[in-house]
Amino acid sequence: MSGQARGLNNFISDLRNSKSQEEESNRIEVELAKIRKKFNPGDRKLAADGSNPALSSYQRKKYIWKLVYIHVLGYEVDFGHAEVLTLVRSKKYAEKTVGYVALSLLLRGSDPVMGSIVDTIRADLVTAPAQGKKKKKADVKNDAVQCLALCSLANISGLELIQAMHLQVRQVLATPESSEQVKKKSALCLLRLTRTSPNLISGREFAPHLAKLLQDQHLGVLTSVMSLLNGLASQHVADYESLIPHVVHILGVLVIKKQCAREYLYYRTPSPWLQIKLLKFLQMYPNAVEGHDIGMDASGYVSQLINVVSKILMETDVSDSINKSNADHAILFEAVQLIVAWGTTCPVTLREGAMQLLGKFISVREPNIRYLGLMTMAKLAQIEGSVEGAKKHQATVLVSLKDADISVRRRALDLLFVICDTDNAERVVDELVAHLVVADASIREEMVLKIAILAEKYATDLRWYVDTILKLISIAGDYVSDSIWHRVVQIVTNHPQGDLQGYAAATLFLAVSPHRCHETTVCVAAYVLGEFGFLIAERAGMSGEEQFHVLHQHWFNVGTSTKSILISTYAKLANLYEECRPLVAPVFARSKNSSDVEVQQRCAEYSSMREAFSPEAVEDLLREMPPFEDKRRSALEMRLLEKEGENSAAVTKASTLSEVEQQRAMQSVQMLSNPPIEEEMEPIEEQEEEAEKDNEDQYDPPRQQLRDAPQAGDEVDSQPSPRSPAQALGPGHDEVNQDGGANGRQINGSVNGSVKPASVGIPKELVPAMRKAFSNLCTSPSGVLFENSLLQVGVKHEYVGAQGRISIFFGNLHNTPLHNFKVKVDQPEHLRTQLQGTQDLLDDGESGTTGCTVAVKTQAKLLMLVEVTSPFDDVPSIRITFETEEGERHDYPLRLPIVATCFMEPVNLDPGAFMQRWKSLEGPDRECQEVMRLPPNSNGIDEAYMDRVRGIIVEGLKFGKCQGVDPTPWTVSGAATFRTGAKDTNGNNINVGCLVRVEANPQANAFRVTTRTLHPLCSRAVKNVSLVSIKLAA
């Protein structure tokens, strides 16, 4: 600068007149160099604090103001701190003002020089205020100095500075002699300090001081104190609950009595900012009115609070003045938020009144009021019993869904999402789908997500859910995220009951039949047809070959990720249908050289799979995918949470179980809690002996009947007699031919004398081998279940949690084909079963079923996918029927080795935890115990035998090792969890904890097996399987 006359204003003018950023930077660099030289001339001695004593007051202030302005422009200023501190220490008010402003902007709390200014700030804070009502001019300056110190302290907020000064700030705030201006500044300063250091103030000690401050008559002080109180209460809510009566009293003065200084009236509304802060504080205490009798409240503040909220609701209306309307509605919406916070404890009249008032506001023209009305109504509708009131305004909300303002449309969508329930779900979803056609791109993705969640949440028929998602894809396929169609696949896969899977396969087959359809439709159809296309393969025009052609027409129009899904589907179609293999092979051959690594790898592996592995291994590799794990929150809910946050009304609605979901969960819980009443189950060995005896009795009729019956060469048919419960749980055979009886045929008398071919059952000599095979399969993954000269039945089964996959192979060992080969599978209530087998293998009970033909040296295959829903102690059965070339009919009833221990997951417990749970499961309904003696001709019980028993418990029965629990080598203990697919009310799987202990007595040549579980059927089932397995280990 040429001289002092130009001053600060001229410097600012020079910067404003700069024609470029570079010119401005050069001008600032020149000025900074000049100021630095003034502060440190080099030829003069500096003061002890580093300042230049030669500078006049005017020069020091001018240069500091320039540094402040340069800093405000965004340039770095890293010098001049000593001059700033000199101004702060000055006794002159003009210099101190400049110093505190520069101190707030140029310095930080962590700067080393801040330690030298603490005493000065402390001295300015504790400046003695004037006594009495009248103040001198100097006292006014003292107040200003205190305010400057408080503002600077709040802006700097260094931890060391806070620890050193917070007591002085509290003292200034609590001192009655402090002026209103100082109290306001100190309250806001203390709020800033507590935000930096949350544990600075003890709520229980400071609450009485706040109570005195809340009795101040100055509304400005009350407003600042309420800001501090809200900040403190948000950190430690319980410490400030005692201040509710004071807050309610202030609200009553403002709302009911209308007592307010003129300067705090805003368009005839008494201090709206203070009212909002008061209501926000009360929202932190949702239980404030709970347990109080409003009409007989002793303290009176609850009744007064209800009157205040009622008056706000009744007197608030739309005003012609925008400013007054904004202020009134701000108070109103905070009052409604208070009602929302109270929830069901709020009086019903208040909730109904708030809902009616909001219904009026969502229909006004002002978009801001409409926005707030929709948002607040969505929160209010979440309270139990309030959704019916919100549903009355459904038509108005649908109109808002077409508003020009995108924010209003979003809030309308949220409200529709919240008020949707089982009664109006289809209508709301249909309205949203219809509006999706004309909706703009900015809201389409959000609409698609919420429609998908609603359709799943309230679908009483999951077929409607599938149809709705397909509509979404056809209307707005580009906005249907992968998580949505993944969820469709998950639901279809996890619900094998009913005809959902077949319906989904047929519907998607038709959806991809046109040459033009969205790629997402192709993804869903490819997956579903690959998994469940066999369910519709017998329908006209939907064979495996047709499924391939329908899917492959889209091959050249889809991306690589979709091609990967198609390739897997082609491999599964080729595995199921012989006619698809020549169609799939060229596709794999061409795609082996694809530029996409994933497509190339899949084609190469699938095409070489049959050469590298056995047919059984290929069958395993290309089997159906297991059911998906049901998580507490689906991927759609997680996506909604990411988009809108935890506090969103839509997120709260999505995470709450609907009535439909609760009914599904309750049905599973009831099935688990109230199992079918069954007769007391005997040990497996006793059942087998009794069943064998029953069978012998059944096929050893009285002599009179034999005399009256036809002779050995005759063939007579009759209805079989009903089986007893013991036979139903028998040794794996229902019919045993008596020696020499009717040439090995089953002969029964017929009432009407009609004659049909007799059925050949299972010979008695095969029964012991069948028992052993069945028992071995209960603890081994594969083996032969039954074998004679005609047929071999092999089983391979594996389980994960509550789900299992059982493959059954029927091999023809005869030298001629087996005709009319049929299998009928028992489907008990405790198992959800899905069956897939060779064409015409399954016997559906219809008279027209002819069965299949098993050629010589070939197999028929049956695949069972099961999910257990409740504890059980019996096993499912199958009945195999076929005819030989000679016309001889065979009927073999067998048991499947699907026992309760198949669904166990091991649990490893330390000795303390095991014994604690063991003791907690005492009781006749939880414990099951039995002693088993080994045959006299056995080799006795030794350590090798105990090692085999330990292997059976751990590997066969899937119980976890409990190290340190067994005191001797003659004891084996284990723990496991019985998994089920049933859900509780929270959507979690219901499981049963199981403990087992096997104790050997070598001297008595006996074992004692004790099981303890929460369910008697589990206890009996584990005990029975354990006894049989231990006996076989001898």
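Residues numbered from 1 in each chain as written. Predicted model: local features only at pLDDT ≥ 70, side-chain atom pairs only at ≥ 80, totals over all residues. Heavy atoms only, no water.

**What about the overall build of the protein chain?**
Argument step 1. In terms of regular secondary structure, the protein chain is built from 41 helices and 20 strands.
Argument step 2. Here the protein chain holds 1034 residues, and the buried ones make up 51% of them.
Argument step 3. Across the protein chain, every contact between residues at least 6 apart in sequence was considered, and the portion connecting residues at least 24 apart equals 70%.
Argument step 4. With the model as given, the accessible surface of the protein chain reaches about 48,700 Å², and the carbon-plus-sulfur share is 50%. (Helix = DSSP H or I, 4+ residues; strand = E, 2+ residues; numbered from the N terminus. Buried < 20%, exposed > 50% of the residue type's maximum accessible area, 1.4 Å probe, protein only. Contact = heavy atoms within 4.5 Å. Areas by Shrake-Rupley, 256 points an atom, 1.4 Å probe, with all protein chains shown as cover.)

**Considering helix H23 (residues 462–476)**
Argument step 1. Here H23 is 15 residues long and its end C-alpha atoms lie 21 Å apart, about the 21 Å a rise of 1.5 Å per residue gives.
Argument step 2. Of the positions making up H23, those classed as buried are Leu462, Trp464, Tyr465, Val466, Thr468, Ile469, Leu470, Leu472, Ile473 and Ala476. (Expected span 1.5 Å × (residues − 1).)

**Some details on the pairing of strand S18 (residues 971–983)**
Argument step 1. By the criterion of burial, S18 is predominantly enclosed, with 12 of the 13 residues buried.
Argument step 2. Taken together, the three bridges between strand S15 (residues 904–906) and S18 define a ladder with antiparallel strand orientation. Note that in S18 the partner of Met904 across the bridge is Phe978.
Argument step 3. Two strands pair when backbone bridges link them, and strand S17 (residues 960–961) and S18 are joined in this way by two bridges, in the antiparallel orientation. Bridged to Lys961 within S18 is Gly974.
Argument step 4. Relative to strand S19 (residues 989–1001), S18 runs antiparallel, the two sharing 10 bridges. Directly across from Arg979, in S19, lies its bridge partner Asn991. (Pairing = 2+ DSSP bridges.)

**Some thoughts on the environment of Ile953**
Argument step 1. Examined against the element boundaries, Ile953 turns out to sit in helix H40 (residues 943–956).
Argument step 2. Excluding anything up to four places from it in sequence, Ile953 contacts Lys958, Phe959, Val972, Val996 and Val998.

**Some words on the sheet that holds strand S13 (residues 877–883)**
Argument step 1. Read from one edge of the open sheet, five strands run S4-S14-S13-S9-S11, paired in mixed fashion. In this open sheet, the two strands that pair with only one neighbour each are strand S4 (759–760) and strand S11 (852–854).
Argument step 2. Alignment of strand S9 (residues 818–825) against S13, held across five bridges, turns out to be antiparallel. Paired with Lys824 across the strands is Arg879, a residue of S13.

**Considering the nonpolar core**
Argument step 1. One finds Leu103, Leu210, Tyr240, Phe281 and Trp342 to be the most contacted residues of the largest nonpolar core, which totals 209 residues.
Argument step 2. Within the second largest apolar cluster, 72 residues are counted, among which are Met770, Phe882, Leu934 and Val1009. (Core = buried A, V, L, I, M, F, W, Y, C linked by side-chain atoms within 4.5 Å.)

**A short note on unusual backbone geometry**
Argument step 1. Of note in the backbone geometry, Ser271 takes a positive phi value of approximately 35° without being a glycine.
Argument step 2. With respect to the element layout, Ser271 can be found in the loop between strand S2 (269–270) and helix H13 (272–283).
Argument step 3. The residue Lys857 is not glycine, and still its phi comes out positive at about 60°.
Argument step 4. Among the structural elements, Lys857 can be located in the loop between S11 and strand S12 (859–868).
Argument step 5. Lys857 sits in the exposed class, given a relative accessible area of 66%.

**Considering the sheet that holds strand S6 (residues 782–787)**
Strand pairing in a sheet relies on backbone hydrogen bonds. The paired strands run either parallel or antiparallel.
Argument step 1. Here we have five strands laid out as an open sheet, ordered S6-S7-S8-S12-S10, and antiparallel in their pairing. Strands with a single pairing partner mark the edges of an open sheet, and in this sheet they are S6 and strand S10 (831–837). Across the sheet, the axes of successive neighbouring strands diverge by a mean angle of 20°, strand direction being ignored.
Argument step 2. Sheet topology places S10 next to S12; seven bridges connect them, and they run antiparallel. (Axes fitted to C-alpha atoms, helices over the stretch in contact; angles between N-to-C directions.)

**What to know about the pattern of salt bridges**
Argument step 1. One pass over the structure, following the stated rule, counts 37 salt bridges.
Argument step 2. Residue Lys96 pairs with Asp124 through a salt bridge whose shortest N-O separation is 3.2 Å. Of this pair, Lys96 sits in helix H5 (residues 93–106) while Asp124 sits in helix H6 (residues 118–125), and the two are 28 residues apart along the sequence. In this structure, Lys96 and Asp124 share a single accessibility class: buried.
Argument step 3. Here Arg411 and Asp414 are joined by a salt bridge, their closest N and O atoms 2.6 Å apart. (Salt bridge = Lys/Arg side-chain N within 4 Å of Asp/Glu carboxyl O.)

**Considering the packing of aromatic side chains**
Each aromatic ring pair is described using two quantities: the centre-to-centre distance and the angle formed by the ring planes.
Argument step 1. Tallied over the full model, the rule gives 19 aromatic pairs.
Argument step 2. Between the aromatic rings of Phe872 and Phe903, the centroid separation amounts to 6.2 Å while the plane-to-plane angle is 75°, which identifies the pairing as edge-to-face. Highlighted residues: Phe872 in the loop between S12 and S13 and Phe903 in the loop between strand S14 (889–895) and S15, separated in sequence by 31 residues. There is no split in this pair, since Phe872 and Phe903 are both buried.
Argument step 3. Each ring, one from Phe882 and one from Tyr892, has its centre 5.6 Å from the other, and the planes form 80°; the classification is edge-to-face. Taken together, the positions of Phe882 in strand S13 and Tyr892 in strand S14 put the pair 10 residues apart, joining distant regions of the chain. (Phe/Tyr/Trp six-rings, centres within 6.5 Å; stacked < 30°, edge-to-face > 60°.)

**Quick notes on the side chain of Gln337**
Argument step 1. Within the element layout of this structure, Gln337 appears in helix H15 (residues 322–342).
Argument step 2. Ignoring anything within four residues of it in the chain, the contact list for Gln337 reads Gln283 and Lys379.

**A short note on the packing of H6 against helix H8 (residues 159–174)**
Argument step 1. Taken N-terminus to C-terminus, the directions of H6 and H8 make an angle of 5°; their axes are 10 Å apart at the nearest point. Considering the angle they form, H6 stands roughly parallel to H8. Contacts between H6 and H8 involve Val118, Ile121, Arg122 and Leu125 from the first element and Leu161, Ala164, Met165, Gln168, Val169 and Val172 from the second.
Argument step 2. Within the contact of H6 with H8, the residues separate by chemical class into eight nonpolar, one polar and one charged. (Parallel < 35°, antiparallel > 145°, perpendicular 65-115°, else oblique. Nonpolar A, V, L, I, M, F, W, Y, C, P; charged D, E, K, R; others polar.)

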